[in-house]
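Read off the chains here:
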Amino acid sequence: MDGHQAVTVGGYGYQWKGPGRLEIGDRVLLPENYVSALRHGPGPFPGTVTELGTTYPGALSTIVSRAPDTSTPAPRQPR
């Protein structure tokens, strides 16, 4: 894969060209496609890495980026 990492997200193969390596469970932003535009609206949409590598033999779309962390810290308890 030209030194890039191949992963599976939602049953589809993608390639990661960003910094570092992706791991199972990492949230990523995927490029818009015809179906995603109908389901999620225009622009990148989120997905989760489910496998490292892919069995798809064709050309792979490139992951846009890691998804921003949407977790919120627990509120502080008063002392």
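For the structure, see preceding data.
Only a predicted model underlies this, so the values are computations on that prediction, with no experimental measurement involved. (Residues numbered from 1 in each chain as written. Predicted model: local features only at pLDDT ≥ 70, side-chain atom pairs only at ≥ 80, totals over all residues. Heavy atoms only, no water.)

Student: Help me understand the side chain of Thr8, please; the structure alone is not making it clear to me.
Tutor: Summarising the element assignment, Thr8 is placed in strand β1 (residues 5–9). In this structure, Thr8 is in contact with Thr48, Val49, Thr50, Glu51, Gly53 and Thr54, ignoring residues within four places of it in sequence. (Helix = DSSP H or I, 4+ residues; strand = E, 2+ residues; numbered from the N terminus. Contact = heavy atoms within 4.5 Å.)

Student: Looking at this structure, how should I read the layout of surface pockets?
Tutor: If a probe as big as a water molecule is rolled over the atoms, it shows which places are left empty. Computed from the structure, the largest pocket encloses a volume of approximately 490 Å³. Val9, Gly10, Tyr12, Tyr14 and Asn33 are, among the 23 residues lining the largest pocket, the residues nearest its centre. When residues of the lining of the largest pocket are assigned to their parent elements, the largest contribution, four residues, is made by helix α1 (residues 34–40). A per-class count over the lining of the largest pocket returns 10 nonpolar, 10 polar and three charged. (1 Å grid on protein atoms, 1.4 Å probe; cavity = no way out; pocket = protein on both sides within 12 Å on 5 of 7 lines; lining within 4 Å. Points joined across faces, edges and corners; volume = space filled by probe spheres on them. Nonpolar A, V, L, I, M, F, W, Y, C, P; charged D, E, K, R; others polar.)

Student: Please explain the pattern of salt bridges as it appears in this structure.
Tutor: Any two side chains of opposite charge can pair, given that their charged atoms come close. Scanning all chains against the criterion turns up one salt bridge. When the shortest N-O distance is used, the salt bridge between Asp26 and Arg66 registers 3.4 Å. With a gap of 40 residues between them, Asp26 in the loop between β2 (12–16) and β3 (27–30) and Arg66 in strand β6 (residues 65–66) connect regions that are remote in the sequence. Given the relative accessible area of 36%, Arg66 is considered partly exposed. (Salt bridge = Lys/Arg side-chain N within 4 Å of Asp/Glu carboxyl O. Buried < 20%, exposed > 50% of the residue type's maximum accessible area, 1.4 Å probe, protein only.)

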